[in-house]
Amino acid sequence: SCSTFADRDVRSALKEIVRRDPDVRAVSRALTLYFGPHEILLNMGVQFSAELSTEQLAAAVTRIERTIRSECPDVRRIFLEAQLLLEGDKAAGAR
């Protein structure tokens, strides 16, 4: 559970959860804000492959949010800033 970790470890664990998704190409940053001992807000920049359709992108975001909530129930509010990783940007978007 993410609630047993210090803040830096929580962000690392959350990044790893998101990186595991097959449609994620890179995670640019993760910010957490604690409202209480069991209420965390997450804001994360996530880069997805440009080949995804709008429906596939929406499905990926929903899948990631469900996984985060399942593995880290203290994360109550999730804001993913989705970006498409274009072909020319692949070198800059290393996982």
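Below or above, wherever it landed, is the structure these notes cover. (Residues numbered from 1 in each chain as written. Predicted model: local features only at pLDDT ≥ 70, side-chain atom pairs only at ≥ 80, totals over all residues. Heavy atoms only, no water.)

## As for the packing of aromatic side chains
Inclusion rule: Under the pairing criterion, centres of Phe, Tyr and Trp rings, with the six-membered ring standing for Trp, must be within 6.5 Å; the plane angle then separates stacked pairs below 30 degrees from edge-to-face pairs above 60, leaving the rest tilted. Both a distance and an angle decide whether a charge sits over a ring: NZ of Lys or CZ of Arg must be within 6 Å of the ring centre and within 35 degrees of the ring normal.
On inspection of all chains with the given rule, the structure shows zero aromatic pairs. Stacked on the ring of Phe35, the Lys or Arg Arg77 has its end atom at 4.8 Å from the ring centre.

## Things to note about helix α2 (residues 54-71)
Condition: Numbering of helices and strands runs from the N terminus; a helix is a DSSP stretch of H or I covering at least four residues, while a strand is a stretch of E covering at least two. Here the expected length of a helix is defined as 1.5 Å per residue gap, with one fewer gap than residues. With a 1.4 Å probe rolled over the protein chains alone, any residue whose accessible area is under 20% of its type maximum counts as buried; one over 50% counts as exposed, and the rest are partly exposed. Here the arc refers to the directions that run from the helix axis out to each C-beta atom.
Compared with an ideal rise of 1.5 Å per residue, which puts 18 residues at 26 Å, α2 spans 26 Å between its outermost C-alpha atoms and is within 8% of the ideal. All of the buried residues along α2 are Ala60, Val61, Ile64 and Ile68. For α2, the buried positions fall inside an angular range of 95° around the axis, keeping them on one side. Opposite its buried face, α2 presents the exposed residues Glu55, Arg66 and Ser70, each directed more than 90 degrees away.

## So, the pairing of strand β1 (residues 24-36)
Heads up, the rule is: Two strands pair under a simple rule: DSSP has to find at least two bridges between them.
Relative to strand β2 (residues 39-49), β1 is paired through ten bridges, and the arrangement is antiparallel. Across the sheet, Val24 pairs through a bridge with Phe48, a residue of β2. The hairpin formed by β1 and β2 contains two residues between the paired strands.

## Details of the side chain of Gln47
Put simply, the rule reads: Throughout this description, a polar contact denotes any pair of N or O atoms lying within 3.5 Å of each other; where both atoms belong to protein, one of them has to be capable of donating a hydrogen while the other can accept it, and for residues adjacent in sequence the pair is counted only when both atoms sit in side chains.
In this fold, Gln47 is placed in strand β2. There is a polar contact of 3.4 Å between the side chain of Gln47 and the side chain of Gln83.

## So, the pattern of salt bridges
Selection rule: Whenever a carboxyl oxygen of Asp or Glu lies within 4 Å of a side-chain nitrogen of Lys or Arg, that contact is scored as a salt bridge.
A complete count under the given rule lists five salt bridges for this structure. Note that Glu71 is salt-bridged to Arg20, the shortest N-O span being 2.4 Å. Placement of Glu71 in helix α2 and of Arg20 in the loop between α1 (7-19) and β1 is noted, with a sequence separation of 51 residues between them. Glu71 sits in the partly exposed class, given a relative accessible area of 32%. Here Arg20 falls in the partly exposed class, since its relative accessible area comes to 47%.

## Quick notes on the environment of Leu80
How we decide: We call two residues contacting when some pair of their heavy atoms lies within 4.5 Å.
The residue Leu80 is located in strand β3 (residues 75-85) in this model. With a relative accessible area of 17%, Leu80 lands in the buried category. Aside from chain neighbours lying at most four places away, what touches Leu80 is Met44, Val46, Val61, Ile64 and Glu65.

## Section: the environment of Thr67
Considering the arrangement of structural elements, one finds Thr67 in helix α2. In this structure Thr67 comes out as partly exposed when scored by relative accessible area, which is 27%. C-alpha of Thr67 to C-alpha of Val18: the two residues are 49 residues apart in sequence and 8.4 Å apart in space.

Purely spatial values, then, with no claim about function.
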